[in-house]
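# Fold and geometry: a report
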Amino acid sequence: MIERIFHLKESGSTVKSEIIGGLITFLSIIYILPVNSAILSSMGMDSGGIFFATALVSGVCCLLMGFLANYPIALSAGMGMNAYLAYNVCGIMGFGWIETMMLLTLNGVLFITITATPIRSKIVNGIPKALSAAICIGLGGFIAFVGLQNAGIVVDASTLVTLGDFSDPGTLLTVCGILMTLALMSFKRFPNIAKMAVPIGLVLTGIIGVICSEILTGIGRGNFALDSGLPIGPWRDASVYWGISGFDKVVFWGSLDPANANLDYGGLIADMFANPNTYVAVFTLIFVNIFDTTATLVAAGNTCGLVAEDGTIKNGRRVMMVDATGALLAGPIGTSTVTSFAESAIGVSLGARTGLMAVVVGICFLLSGFAFPIFSIFSYASVYSVALVAVGIMIMANNLPTLAKSDFAALFSGGLTLLMMVLTYSLSNGMAIGIIAYVLMKIFEGKGKELSWVVYLMAGLFFVFFLVGALTNHLS
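This is a predicted model, so every value here is computed, not measured.

## A word on the overall build of the protein
A count of helical and extended segments in the protein gives 23 helices and four strands. Computed over C-alpha atoms, the radius of gyration of the protein comes to 22 Å, within 12% of the 23 Å expected from 2.2 N^0.38 for 476 residues, which places it in the range of a compact globule. Oriented by its inertia axes, the alpha-carbon framework of the protein measures out at about 70 × 65 × 50 Å. Per-residue burial for the protein yields a buried fraction of 55% across its 476 residues. Of the roughly 19700 Å² that the protein leaves accessible, carbon and sulfur atoms contribute 68%. Both charge centroids of the protein, one from 20 positive and one from 23 negative side chains, sit 14 Å from each other.

Below is the structure:
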């Protein structure tokens with residue numbers, strides 16, 4: 001039965017390799033459940049509901065990837081997407097969390113539509129690799145910066161930003177966690193430990209933090225431990241419990257929550273479409289999703305020989321439809337956009353070659369959705385910021401070689417993209433300014449004809465968004 005579904009012999013794999021690969025891959029990405037819950041809850045959503053919603057959507061998408069595409073790729077909420085939703089769409093643009101989830105739903109509808117047609121392939125093929133790498137580097141820098149700020153390592157000051165107070169226990173814990181994680185990444189004598197540096201570093205940080213808070217509680221300084229941002233054990237936290245909690249408060253845009261019984265959803269939708277920021281947000285979400293997912297699929301596919309010499313992916317249409325389905329489900333269920341995870345390459349390196357690995361990961365995700373207390377210590381900023389900084393740095397490092405081999409226009413616009421994403425605290429602003437600069441430089445280099453219509457379209461739309469935004473602000 002298993003052989004008929006997954007073709008293990010044909011792929012050169014075994015059931016044992018797939019199960020081990022799936023379990024290790026799951027352990028390497030399990031941090032996304034508490035981290036995503038912590039980030040999205042800053043918008044006002046219920047953290048327990050987000051936790052279960054993320055586990056549910058991740059599990060379903062992994063099962064679909066395994067059974068329909070037979071591809072060893074694990075999917076879950078994308079880092080970068082959640083930060084963009086929480087800190088840009090909800091924070092800077094001013095949308096409420098319900099409107100933000102509605103925007104995410106619209107993004108999912110559009111994303112699965114362009115995936116079902118040749119449009120997505122044309123967009124991917126039409127964007128220069130250097131430009132794509134530049135945007136990914138900016139995304140990584142933005143994620144890392146968010147982590148540094150949340151942990152108090154970088155704080156606001158008269159110089160805009162400055163170094164935080166390292167005497168603060170929560171900040172000091174994050175610094176130790178980052179250093180441990182970076183050290184583990186460099187532990188090349190044991191490659192598998194290096195590959196799992198993020199989850200191991202996160203666990204060590206959480207354990208150290210709980211020990212410190214327990215010591216402070218034991219000497220009568222429990223309130224100080226909590227105020228300083230140290231994680232407390234789930235046995236001391238009355239807000240966490242086993243099973244499903246708060247899911248009704250986040251699913252279907254909060255419509256099942258009695259507190260929203262009198263909310264005018266029609267009015268919210270009308271106001272949303274009247275806001276120019278709506279179109280900037282959705283446009284950015286689609287392209288970030290495309291860049292992130294495509295890069296991951298190719299990276300993992302190359303590792304296990306599922307990418308042909310011409311760059312095409314085995315079962316490519318099915319694979320892309322599965323991740324697009326994840327994008328469609330995310331908004332209504334109550335989590336951020338689901339995307340493929342680069343950590344899937346860990347399972348592949350351990351011998352996994354088929355969708356059975358993804359099925360194992362999916363089952364683990366579904367089971368973990370009922371065990372929030374186990375992961376609650378990772379929902380504190382002093383702990384999950386370690387993952388944000390480490391993952392952000394990894395995204396940057398993985399794309400820097402591609403950008404380094406590029407021409408002057410790509411290098412310049414790449415640096416500009418990174419700076420503007422971080423300094424304006426906005427993925428959309430950084431992406432827009434970087435793309436416009438890239439197109440302008442290429443035109444004046446006399447190489448404008450080398451660019452596809454996709455790049456010109458993106459630059460033109462972003463320019464229009466800036467123009468409309470400026471006019472709207474002026475008139476208001």
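## Structural notes on helix α4 (residues 32-41)
Given 3.6 residues per helical turn, the α-helix brings residues three or four places apart onto the same face. Along α4, nine of the 10 residues are buried, which leaves the element largely enclosed by surrounding structure. Residues of α4 that are buried: I32, L33, P34, V35, N36, S37, A38, I39 and L40.

## Side note on the nonpolar core
Judged by nonpolar contacts, the single largest core of 139 residues is most densely connected at M65 and I435. With 11 residues, the single largest contributor to this core is helix α9 (residues 129-150). Apart from residues no more than four positions distant in its own chain, M65 is found in contact with N70, Y71, I73, L75, V319, V322 and A358.

## Here we look at the pairing of strand β2 (residues 154-157)
Across four bridges, β2 lies against strand β3 (residues 160-163) in antiparallel orientation. In the sheet register, D156 faces β3, and the bridge partner there is V161.

## Details of a nonpolar patch on the surface
A cluster of nonpolar side chains, namely M1, I2, I5, V15, I19, L23, F67 and L68, defines an oily patch on the protein surface of about 700 Å² accessible area. At the level of elements, α1 (2-6), α3 (15-29) and α5 (47-69) are the ones that each hand at least two residues to the nonpolar patch. Exposure remark for F67: the relative accessible area of 45% places this residue in the partly exposed category.

## A look at the pattern of salt bridges
Enumeration over the complete set of coordinates arrives at three salt bridges. A salt bridge links E445 to K442, with the shortest nitrogen-to-oxygen separation between them at 3.9 Å.

## Brief notes about the side chain of E99
The residue E99 is located in helix α7 (residues 97-116) in this model. The charged side chain of E99 is buried without a salt bridge, its nearest counter-charge being K249 at 20 Å. Excluding residues within four positions of it along the chain, E99 makes contact with L268 and M272.

## Some remarks on the side chain of T337
Tracing the backbone shows T337 in the loop between α16 (316-333) and β4 (338-340). In contact with T337, other than residues within four places in its own chain, are S76, A77, G78, M81, L104, N107, N289, A327 and A330.

## With respect to unusual backbone geometry
One non-glycine residue, N70, adopts positive backbone phi at about 50°. By secondary structure assignment, the location of N70 is in the loop between α5 and β1 (75-77). A positive phi angle, close to 50°, is found at F252, a residue other than glycine. Assessed through its relative accessible area of 39%, F252 is described here as partly exposed.

## Looking at the packing of aromatic side chains
Geometrically, a pair of aromatic rings is defined through the distance of the ring centres and the angle of the planes. The final tally for this structure, using the stated rule, is five aromatic pairs. Their ring planes at 85° and their centres at 5.3 Å tell us that F26 and F365 sit as a pair that is edge-to-face. Note that F26 is positioned in helix α3 and F365 in helix α18 (residues 355-368), a separation of 339 residues in sequence. The class of F26 is buried, set by a relative accessible area of 10%. Ring centres of F408 and F412 lie 5.9 Å apart, and the angle between their planes is 40°; this geometry places the pair in the tilted category. Of this pair, F408 and F412 both sit in helix α21 (residues 408-423), four residues apart, which is roughly one turn of that helix. For F408, a relative accessible area of 53% translates into the label exposed. On the basis of relative accessibility, which here comes to 44%, the residue F412 falls in the partly exposed class. In this structure an aromatic cluster arises from ring pairing among F52, F247 and F370.

## A few points about the confidence of the model for the protein
Looking at the protein as a whole, the pLDDT averages 81, with 91% of positions reaching at least 70. The secondary-structure element of the protein with the lowest mean pLDDT is helix α15 (residues 276-303), recorded at 69, while helix α10 (residues 169-185) shows the highest, at 91.

## What about helix α14 (residues 265-274)?
Of all the positions in α14, only Y265, G267, L268 and M272 are classed as buried. Down the axis of α14, the buried set is contained in an arc of 155°. They therefore lie on one face.

## Quick look at the packing of helix α12 (residues 197-218) against helix α20 (residues 381-404)
Where α12 meets α20, the axes come as close as 9 Å, and the angle between the chain directions of the two elements is 160°. Relative to α20, the element α12 lies roughly antiparallel. The two elements α12 and α20 meet at a crossing, and its hand is right-handed. Facing α12, whose interface residues are V198, L202, T205 and G206, α20 presents S382, V383, Y384, V386, A387, A390, V391 and M394. Taken together, the residues of the contact of α12 with α20 break down into nine nonpolar, three polar and no charged.

What counts as what
- Residues numbered from 1 in each chain as written.
- Predicted model: local features only at pLDDT ≥ 70, side-chain atom pairs only at ≥ 80, totals over all residues.
- Heavy atoms only, no water.
- Helix = DSSP H or I, 4+ residues; strand = E, 2+ residues; numbered from the N terminus.
- Rg over C-alpha atoms; globule rule 2.2 N^0.38 Å.
- Buried < 20%, exposed > 50% of the residue type's maximum accessible area, 1.4 Å probe, protein only.
- Areas by Shrake-Rupley, 256 points an atom, 1.4 Å probe, with all protein chains shown as cover.
- Lys, Arg positive; Asp, Glu negative; His and termini not counted.
- Charge placed at Lys NZ, Arg CZ, Asp CG, Glu CD.
- Core = buried A, V, L, I, M, F, W, Y, C linked by side-chain atoms within 4.5 Å.
- Contact = heavy atoms within 4.5 Å.
- Pairing = 2+ DSSP bridges.
- Patch = residues over 30% accessible without salt bridge, like charges linked within 9 Å, V, L, I, M, F, W, Y side chains within 5 Å.
- Salt bridge = Lys/Arg side-chain N within 4 Å of Asp/Glu carboxyl O.
- Phe/Tyr/Trp six-rings, centres within 6.5 Å; stacked < 30°, edge-to-face > 60°.
- pLDDT = per-residue confidence, 0-100.
- Arc of directions from axis to C-beta.
- Axes fitted to C-alpha atoms, helices over the stretch in contact; angles between N-to-C directions.
- Parallel < 35°, antiparallel > 145°, perpendicular 65-115°, else oblique.
- Left-handed = near helix turned anticlockwise from the far one by under 90°.
- Nonpolar A, V, L, I, M, F, W, Y, C, P; charged D, E, K, R; others polar.

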